[in-house]
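Breakdown of the fold
For reference, the chains in residue letters:
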Amino acid sequence: MSLAGFKKQINKANQYVSEKIGNVKGTELDDDFVEMEKKIDAMGKMVDELMARTHELLQPNPASRAKLSAVKSISKLRGQANHMLYPQPEGQLGECMVKYGKELGEDSLFGQGLVETGESYKQMAEVKYSMEDAVKQNFIEPLLHLQNKDLKEVNHHRKKLQGRRLDYDCKRRKQEKGRR
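In this report, we go over the structure that sits alongside the text. (Residues numbered from 1 in each chain as written. Predicted model: local features only at pLDDT ≥ 70, side-chain atom pairs only at ≥ 80, totals over all residues. Heavy atoms only, no water.)

Glancing now at the overall build of the protein. The helix and strand tally for the protein stands at five helices and zero strands. The N-to-C order of helical and strand elements in the protein reads α-α-α-α-α. Against the globule reference of 16 Å for 180 residues, the protein gives a C-alpha radius of gyration of 29 Å, more extended than a compact globule. Oriented by its inertia axes, the alpha-carbon framework of the protein measures out at about 105 × 40 × 25 Å. Residue pairs in contact within the protein that sit at least 24 positions apart in sequence constitute 71% of those at least 6 positions apart. Summing over all exposed atoms, the protein offers an accessible surface of approximately 13,500 Å²; the carbon and sulfur share of this is 56%. Averaging the positions of the 33 positive and the 27 negative side-chain charges in the protein gives two centres separated by 15 Å. (Helix = DSSP H or I, 4+ residues; strand = E, 2+ residues; numbered from the N terminus. Rg over C-alpha atoms; globule rule 2.2 N^0.38 Å. Contact = heavy atoms within 4.5 Å. Areas by Shrake-Rupley, 256 points an atom, 1.4 Å probe, with all protein chains shown as cover. Lys, Arg positive; Asp, Glu negative; His and termini not counted. Charge placed at Lys NZ, Arg CZ, Asp CG, Glu CD.)

Pasting the structure below:
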């Protein structure tokens, strides 16, 4: 960093401290801009909470969710494309019913009922898997894009604006001191 750049950073830090501790007044931002900043902050919080709540909805069991997350992380580290699905309770119940229905045999009405009901539960699990895929593709991915790209870019520009405002206020304050 050049000497001029270093001095600029010192001046901005001095301006920041003077605004926070001293009686120096910083440049007031436009009310519309302040309102827009509040909306962006609320949008960031909303995206974080919506993502967490949606994952809870799709995978309600915290232990299974943690296990699935760990398996995905390990698979990524190993370079494997292991796509393990969250075990739907309906599918597990359906498999159990089919298994024991077949063990009871085809001549048992109870066994036949278990097999039919088990197949229905397995179909429900498939529908939930397709719903989960649709939610991930049409809801979670756009939110991730918003969170990882758009909101990060906006916050980056907010930081730049804050730095430039401090620099401007520092220069304006020095100019006013020079006039006196």
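Our next topic: the packing of helix H2 (residues 31-58) against helix H5 (residues 109-179). At a closest axis distance of 10 Å, the pairing of H2 and H5 adopts a crossing angle of 150 degrees. The pairing of H2 with H5 is recorded here as roughly antiparallel in orientation. Where H2 crosses over H5, the two elements pack in a sense that is left-handed. For the contact of H2 with H5, the per-class residue count stands at 17 nonpolar, five polar and six charged. (Axes fitted to C-alpha atoms, helices over the stretch in contact; angles between N-to-C directions. Parallel < 35°, antiparallel > 145°, perpendicular 65-115°, else oblique. Left-handed = near helix turned anticlockwise from the far one by under 90°. Nonpolar A, V, L, I, M, F, W, Y, C, P; charged D, E, K, R; others polar.)

Taken together, the side chains of Met43, Met46, Leu50 and Phe139 make up a nonpolar region of the molecular surface, amounting to roughly 300 Å² of accessible area. With three residues, the single largest contributor to the nonpolar patch is H2. Take leucine 50: it is sitting in helix H2. (Patch = residues over 30% accessible without salt bridge, like charges linked within 9 Å, V, L, I, M, F, W, Y side chains within 5 Å. Salt bridge = Lys/Arg side-chain N within 4 Å of Asp/Glu carboxyl O.)

For the rest of this paragraph, the subject is H5. Here H5 contains 71 residues, and its C-alpha end-to-end distance of 100 Å stays within 8% of the 105 Å for a straight helix at 1.5 Å per residue. In the structure, H5 departs most strongly from a straight axis at lysine 136, where the bend amounts to approximately 35 degrees. For H5, the capping residue at the N-terminal end is serine 108, with a side-chain oxygen 3.4 Å from the backbone nitrogen of phenylalanine 110. (Expected span 1.5 Å × (residues − 1). Bend = angle between axes of the 7 residues up to and from the residue. Polar contact = N/O pair within 3.5 Å; in protein donor to acceptor, adjacent residues only side chain to side chain.)

Turning to the pattern of salt bridges, a few remarks are in order. Proximity of charged atoms lets side chains of opposite charge pair with each other. One pass over the full model with this rule turns up eight salt bridges. Its salt-bridge partner being glutamate 90, residue lysine 128 comes within 3.2 Å of it at the nearest N-O pair. Of this pair, lysine 128 sits in helix H5 while glutamate 90 sits in helix H4 (residues 89-104), placing them 38 residues apart in sequence. Exposure remark for glutamate 90: the relative accessible area of 17% places this residue in the buried category. (Buried < 20%, exposed > 50% of the residue type's maximum accessible area, 1.4 Å probe, protein only.)

Attention now goes to the nonpolar core. Listed in full, the six residues of the largest apolar core are Val47, Met51, Leu58, Ile140, Leu143 and Leu151. Not counting residues up to four positions away in its chain, the partners in contact with isoleucine 140 are Met51, Thr54, His55, Leu58 and Val135. (Core = buried A, V, L, I, M, F, W, Y, C linked by side-chain atoms within 4.5 Å.)

It is worth spelling out the side chain of threonine 54 at this point. Here threonine 54 shows up in helix H2. Taking the relative accessible area as the measure of exposure, threonine 54 reaches 9% and is therefore buried. In this structure the side chain of threonine 54 is engaged in a polar contact, spanning 2.6 Å, whose partner is the backbone oxygen of leucine 50. Beyond its immediate sequence surroundings of up to four residues, threonine 54 is in contact with Val135, Phe139 and Ile140.

Two numbers describe how H4 lies on H5: the axes approach to 7 Å, and their chain directions differ by 160 degrees. The angle between H4 and H5 places the two elements in the roughly antiparallel class. Seen from above, H4 lies across H5 with left-handed handedness. Residues Glu90, Gly91, Leu93, Gly94, Glu95, Met97, Val98, Tyr100, Gly101, Lys102 and Leu104 of H4 touch H5, and the partners they reach there are Phe110, Gly111, Leu114, Val115, Thr117, Gly118, Glu119, Tyr121, Lys122, Met124, Ala125 and Lys128. Of the residues contributing to the contact of H4 with H5, the split by class is 11 nonpolar, six polar and six charged.

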